[in-house]
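Examining the three-dimensional arrangement
Spelled out, the chains give:
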Amino acid sequence: MIKVLVACGCGMGSSQLIKQNCMAVLKKMGIENTVYHTSIDEAKTIAYDYDLVVVGENFVKSFKPKAGTVVLGLKNLMNKKELESKLQECGLDQQQ
Amino acid sequence: MLREFVQLNHYKFAKKATDWRDAIRMCCEPLEADGSVEADYKEQIIASIEKFGPYIVIMPDVAMPHCQEGAHGVHRTTISFMKLDEPVSFEEGNPEKNAKLFFTLASCDSDQHLENMMKLSEVLMNEAVVEKLMEADGPEDLLRIQETCLDH
């Protein structure tokens, strides 16, 4: 089970779209997951508690993750292929 | 979802906007016209983009302007559509942050909003629909795209 945090500026628009796509892609990859969506401001304070943070690419620099937390930035939030290949790159599919 | 835009008069078709701030003001017009949001909602969206950057451009040529849930002056949970013939730039020198299609969100009810977002995501995931929306010229095109691509 991996804990995923998704975030956007306000926590109501793009983060909800990323959440839907994350859940679909992780399910397809056979990775059990729980996904929480919120605003960037809150996300910055709780990211340490998550395995994976997924945000739009311009928010990546807002995070200074500790070891163990992977931060992924997406160019196209609606592209499941981009999300899947970035998840594979960071080896999350190996961490079961 | 596209049919709802037509039924609610939540759509606007325009040639161009002078800049992204102008585009944000334009895309909020249908929401202001029926009282879904008050006049300062657009300024709150602009302030949020100034703070966080052009993250509302969620995929090439598509923007999803919005502010917080339960933002001041939001009276309905709904979405409005706008199409510009000429793309507007949200980040100078970065054409990946241009937008022609606008889906403006307003939310004061999280359950309804979630339902709206599921429907919007169905629209945005459908490449054929997005492609056709880029060429749409009026409400009759929205209805036609709904019927041919989205109604099951």
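This text follows the structure it describes.
Described below are features of the structure shown in this document. Every chain is numbered independently, its residues counted from 1 as its sequence is written. For naming, the first written chain is A and the first written ligand is 1, with later ones following in the order written. This being a predicted model, a pLDDT of at least 70 is required before a residue's local features are given, and a value of 80 or more before pairs of side-chain atoms are given or counted; all residues contribute to the totals for chains, interfaces and linings. For side-chain calculations, the full set of non-hydrogen atoms in the structure is used, while hydrogens and water are omitted.

The secondary structure listing takes helices from DSSP runs of H or I that are at least 4 residues long and strands from runs of E that are at least 2 residues long, numbered from the N terminus. Scanning chain B from N- to C-terminus turns up 7 helices and 5 strands. It is over C-alpha atoms that the radius of gyration is taken, and the globule rule equals 2.2 Å times the number of residues to the power 0.38. In terms of overall dimensions, chain B is globule-like: its C-alpha atoms have a radius of gyration of 14 Å, near the 15 Å expected for 152 residues. Per-residue accessibility, obtained with a 1.4 Å probe over protein chains only, is compared with the maximum for each type, and a residue is labelled buried under 20%, exposed over 50%, and partly exposed between these values. Looking at chain B as a whole, 53% of its 152 residues qualify as buried. Working rule for contacts: check all heavy atoms of both residues, and any pair within 4.5 Å makes them a contact. Sequence separation of 24 or more characterises 69% of the internal contacts of chain B that already satisfy a separation of 6 or more. Values of accessible area rely on a 1.4 Å probe in the Shrake-Rupley scheme; residue burial ignores everything except the protein chains shown. About 6,800 Å² of surface is accessible on chain B, with carbon and sulfur atoms providing 47% of the total. When the 15 basic and 29 acidic side-chain charges of chain B are each reduced to a single mean position, those positions are 3 Å apart. By the counting rule applied here, Lys and Arg register as positive and Asp and Glu as negative, while His and the ends of each chain are not counted. Charged side chains are reduced to one point each, which is NZ for Lys, CZ for Arg, CG for Asp and CD for Glu.

Looking now at the interface of chain B and chain A. Contact residues are listed per partner, giving 25 residues for chain B and 20 residues for chain A. In this assembly, chain B packs against chain A so that about 1,900 Å² is buried in total across both faces, 64% of it on carbon and sulfur atoms. Contact with chain A buries surface across chain B, with Phe52, Tyr55 and Met125 of chain B losing the most and accounting together for 31% of the total. Salt bridge, as used here, is a side-chain nitrogen of Lys or Arg placed within 4 Å of a carboxyl oxygen of Asp or Glu. Notably, a salt bridge pairs Lys75 of chain A with Glu96 of chain B, separated by 3.4 Å at the nearest N-O pair. Contacts described as polar in this section are N or O atom pairs within 3.5 Å, which, within protein, must combine one atom able to donate a hydrogen with one able to accept it, while residues neighboring in sequence count only if both atoms come from side chains. Inspection of the chain B/chain A interface yields 6 residue pairs in polar contact (both at pLDDT 80 or more). Those elements giving two or more residues to the side of chain B that touches chain A turn out to be helix H4 (41–52), strand E2 (57–59) and helix H5 (110–125) of chain B. By residue number, the principal contributor to the side of chain B that touches chain A is H5 of chain B, which donates 7 residues. Grouping the constituent residues of the side of chain B that touches chain A by class yields 14 nonpolar, 7 polar and 4 charged. Defined in terms of a 1.4 Å probe, buried area is the accessible area two parts forfeit on being brought together, summed over both. For this scheme, ten residues count as nonpolar: Ala, Val, Leu, Ile, Met, Phe, Trp, Tyr, Cys and Pro. Four count as charged, namely Asp, Glu, Lys and Arg, and the remainder, Gly too, count as polar.

Here we come to the pairing of strand E1 (residues 2–8) of chain A. Residues and elements named next belong to chain A. Most of E1 is tucked away: 6 of the 7 residues are buried. Pairing between two strands requires that DSSP report at least two bridges joining them. Two strands pair when backbone bridges link them, and E1 and strand E2 (residues 33–39) are joined in this way by 7 bridges, in the parallel orientation. Counted as the bridge partner of Cys8 is Ser39 from E2. Judged from the 4 bridges that link them, E1 and strand E3 (residues 52–56) form a sheet pairing that is parallel. Residue pairing across strands places Val6 opposite Val54, the latter belonging to E3.

All names here are of chain B. Here the phi dihedral of Asn9 falls at roughly 60 degrees; this positive angle occurs in a residue that is not glycine. Assignment of secondary structure puts Asn9 in the loop between helix H1 (2–7) and strand E1 (11–14). A positive phi angle is found at Asp61, which is not glycine, with a value near 70 degrees. By the secondary structure assignment, Asp61 is in strand E3 (residues 61–63). By relative accessible area, Asp61 is classed as partly exposed at 25%.

For the rest of this paragraph, the subject is the pattern of salt bridges. Enumeration over the complete set of coordinates arrives at 16 salt bridges over all chains. Of the charged contacts in the structure, one is a salt bridge between Glu4 of chain B and Lys119 of chain B, with a shortest N-O distance of 2.9 Å. With Glu4 of chain B in helix H1 and Lys119 of chain B in helix H5, this residue pair connects regions lying 115 residues apart in the sequence. Judged by relative accessible area, which is 27%, Glu4 of chain B ranks as partly exposed. When salt bridges that share partners are traced, they join Glu57 and Lys75 of chain A together with Glu96 of chain B into one network.

By nonpolar core we mean a set of buried residues, namely Ala, Val, Leu, Ile, Met, Phe, Trp, Tyr and Cys, connected to one another through side-chain atoms within 4.5 Å. Core analysis: the largest hydrophobic core is formed by 90 residues, its most contacted members being Phe90, Phe102, Phe103 and Leu133 of chain B. Beyond its immediate sequence surroundings of up to four residues, Leu133 of chain B is in contact with Leu2, Phe81, Lys83, Leu101, Phe103, Val123, Leu142 and Ile145 of chain B.

Glancing now at the packing of helix H1 (residues 14–28) of chain A against H5 of chain B. What describes two packed helices is the angle between their axes and the distance between those same axes. Axis definition: a line fitted to C-alpha atoms, over the contacting stretch in the case of helices. Angles run 0 to 180 degrees between N-to-C directions. Where H1 of chain A contacts H5 of chain B, the two axes come as close as 10 Å, and the packing angle between them is 70 degrees. Comparing the axis directions of H1 of chain A and H5 of chain B gives the class roughly perpendicular. Crossing geometry of H1 of chain A relative to H5 of chain B is assigned as right-handed. Seen from H1 of chain A, the contacting residues are Gln16, Leu17, Gln20 and Asn21 of chain A; seen from H5 of chain B, they are His113, Leu114, Met117, Met118, Ser121, Leu124 and Met125 of chain B. Here the residues of the contact of H1 of chain A with H5 of chain B sort into 6 nonpolar, 5 polar and no charged. Note that the term roughly parallel is reserved for angles under 35 degrees, roughly antiparallel for angles over 145, roughly perpendicular for angles of 65 to 115, and oblique for everything else. It is the rotation of the near helix from the far one that decides the hand of a crossing: anticlockwise by less than a right angle makes it left-handed, clockwise makes it right-handed.

Residue placement: Ser14 of chain A occurs in helix H1. Ignoring sequence-local partners within four residues, the contact set of Ser14 of chain A consists of Cys8 and Leu77 of chain A together with Tyr55, Ile58, Met64 and His66 of chain B.

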